[in-house]
Amino acid sequence: PLMGCTIQIENTSLTGESSATGKCTISSVPEGKQNIIISKAGYVTMRKEQIQFNRGKSTTMTVSLTPDFVMPAVTMSKSKVNV
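## Quick notes on the pairing of strand β1 (residues 6-9)
Next, step 1: Only one face of β1 is covered, namely the face carrying I7 and I9; the face carrying T6 and Q8 is uncovered.
Next, step 2: Pairing between β1 and strand β2 (residues 15-17): three bridges, direction antiparallel. By the bridge assignment, Q8 is partnered in β2 with T15.
Next, step 3: In sequence, β1 turns back onto β2 through a hairpin of five residues, with N11 there showing a positive phi of about 65°.

## As for the nonpolar core
Next, step 1: Of all hydrophobic cores here, the largest spans nine residues; its members are C5, I7, I9, L14, I36, I38, I51, F53 and L65.
Next, step 2: Listed by contribution, the elements that provide at least two residues to this core are β1, β3 (32-39) and β4 (46-53).

## Things to note about the side chain of N35
Next, step 1: Residue placement: N35 occurs in strand β3.
Next, step 2: With relative accessibility at 15%, the residue N35 sits in the buried group.
Next, step 3: A polar contact of 2.9 Å, which involves the side chain of N35, links it to the backbone nitrogen of Q50.
Next, step 4: The residues touching N35, leaving out its near neighbours within four places in the chain, are Q8, I9, E10, R47, K48, E49 and Q50.

## Describing unusual backbone geometry
Next, step 1: Residue N11 is not a glycine yet carries a positive backbone phi of 65°.
Next, step 2: Examined against the element boundaries, N11 turns out to sit in the loop between β1 and β2.

Definitions and cut-offs
- Residues numbered from 1 in each chain as written.
- Predicted model: local features only at pLDDT ≥ 70, side-chain atom pairs only at ≥ 80, totals over all residues.
- Heavy atoms only, no water.
- Buried < 20%, exposed > 50% of the residue type's maximum accessible area, 1.4 Å probe, protein only.
- Helix = DSSP H or I, 4+ residues; strand = E, 2+ residues; numbered from the N terminus.
- Pairing = 2+ DSSP bridges.
- Core = buried A, V, L, I, M, F, W, Y, C linked by side-chain atoms within 4.5 Å.
- Polar contact = N/O pair within 3.5 Å; in protein donor to acceptor, adjacent residues only side chain to side chain.
- Contact = heavy atoms within 4.5 Å.

Here's what the structure looks like:
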């Protein structure tokens, strides 16, 4: 699980943050299909479209965020040591 992800219901002010177990609770989500944005610094932001929310029921999704970094080029060289 990835702690500290921001989960936002698109086009609303409704947000939450994932816990150490990767779970997040957002109250008062409008019923119907909503787009969800999941983000965390150092990871590629993900957008899940048309997630169905029903009044009085939990909605569960499993997502995997991809690290957003570029490995620096590494130059290897070999040298001879005389003793």
